[in-house]
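Structural overview for review
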Amino acid sequence: QVQLVESGGGLVQAGGSLRLSCAASGRTFNFYHGAWFRQVPGEDREFVARIGWGLSTPAYADSVKGRFTISRDNAKNTLYLQMNSLKPEDTAAYYCAVDTYGRAGSSTTWSLPAKYDYWGQGTQVTVSS
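A brief look at the structure comes next. (Residues numbered from 1 in each chain as written. Predicted model: local features only at pLDDT ≥ 70, side-chain atom pairs only at ≥ 80, totals over all residues. Heavy atoms only, no water.)

1. Thoughts on the side chain of Arg-67
As a reminder of what qualifies: Comment: elements are numbered from the N terminus, with helices defined as DSSP H or I runs of at least four residues and strands as E runs of at least two. Polar contact is the term for a pair of N or O atoms within 3.5 Å; when the atoms are in protein, one must be able to donate a hydrogen and the other to accept it, and sequence-neighboring residues count only if both atoms are side-chain atoms. Contact criterion: two residues are considered in contact whenever any of their non-hydrogen atoms come within 4.5 Å of each other.
Residue position: Arg-67 is located in the loop between β6 (59-60) and β7 (68-73). Among the polar contacts made by the side chain of Arg-67, one reaches the main-chain carbonyl oxygen of Ser-85 at a distance of 3.0 Å. Aside from chain neighbours lying at most four places away, what touches Arg-67 is Gln-82, Met-83, Asn-84, Ser-85, Leu-86, Lys-87 and Asp-90.

What follows is the structure in C-alpha cells.
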C-alpha cells in the first residue's frame with residue numbers, strides 16, 4: 001500500500017507561484033512514475049506533468065510547458081510541482097498520482113489516469129485575476 005499526502009495549494013494572484021508537494025509513504029520500493037493531474041468540477045481529470053523515478057525526461061501538458069516544473073526527491077519519496085506564472089485558467093484541484101507497475105512510461109500512457117495506482121487527496125489551487 002502507498003499513501004500520498006499533498007500540500008502546498010492556496011490562493012495566489014495571476015503571475016504568482018506555488019509549490020505543491022506530494023509525500024509518499026508505505027510500500028514505495030516500486031515507485032516507477034509520479035504525476036500531477038488537475039480537475040475542475042464537471043470536467044474530466046486533466047494531465048499536467050509526469051516524471052519517472054529514474055532518469056526519464058519529464059513530460060508536460062502543452063498548457064503548462066515553460067511555467068510548471070515537476071521534480072522529485074527519491075530519498076524522501078516526495079513529488080513536487082513548481083508552478084510559476086500562474087494564470088486563472090490554472091485554477092483547479094490538483095492531484096498527485098503514482099504508478100507502481102511501470103504502466104505510465106510512454107507518451108501514449110502517462111497522461112491517462114487509469115495508469116496510476118495511487119492518488120493523493122487533492123489540493124486546491126485558486127488563481128485570481
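2. Concerning the sheet that holds strand β8 (residues 78-83)
Cut-off, in case you're wondering: One bridge is not enough; two strands pair if DSSP finds at least two bridges between them. Here the axes come from fitting lines to C-alpha atoms, over the contacting stretch only for helices, and the angles between their N-to-C directions go from 0 to 180 degrees.
The sheet built from four strands is open, its strands ordered β1-β3-β8-β7 with antiparallel pairing. Edge positions in the open sheet fall to β1 (2-7) and β7, since each of these has one partner strand only. With strand direction ignored, the average angle separating the axes of adjacent strands in the sheet is 15°. Across six bridges, the pairing between strand β3 (residues 18-26) and β8 is antiparallel. Each bridged residue has a counterpart across the sheet, and for Ala-23 the counterpart in β8 is Thr-78.

3. Details of the state of the cysteines
Cut-off, in case you're wondering: Here, two cysteine sulfur atoms that lie within 2.5 Å of each other are counted as a disulfide. Remark: exposure states derive from per-residue accessible area (1.4 Å probe, protein chains only) relative to the maximum for the residue type, with buried under 20%, exposed over 50%, and partly exposed in between.
Within the structure shown, the criterion is met by one disulfide. With its sulfur 2.1 Å from that of its partner, Cys-22 forms a disulfide with Cys-96. Sign of the S-S torsion, about 65° for the bond between Cys-22 and Cys-96, identifies this disulfide as right-handed. You can see Cys-22 sitting in strand β3 and its partner Cys-96 sitting in strand β9 (residues 92-99), a full 74 residues away along the chain. We note that Cys-22, like Cys-96, is buried.

4. Considerations on the packing of aromatic side chains
Inclusion rule: A pair of aromatic rings is counted whenever rings of Phe, Tyr or Trp (Trp by its six-membered ring) have centres within 6.5 Å, and the orientation is called stacked for planes under 30 degrees apart, edge-to-face for over 60 and tilted otherwise.
Overall, the coordinates contain four aromatic pairs when judged by the stated rule. Taking the centre distance of 5.4 Å and the plane angle of 75° together, the rings of Phe-37 and Tyr-116 count as edge-to-face. Of this pair, Phe-37 sits in strand β4 (residues 33-39) while Tyr-116 sits in the loop between β9 and β10 (118-119), and the two are 79 residues apart along the sequence. The same class applies to Phe-37 as to Tyr-116, namely buried.

Function cannot be inferred from these measures alone, as they are strictly geometric.
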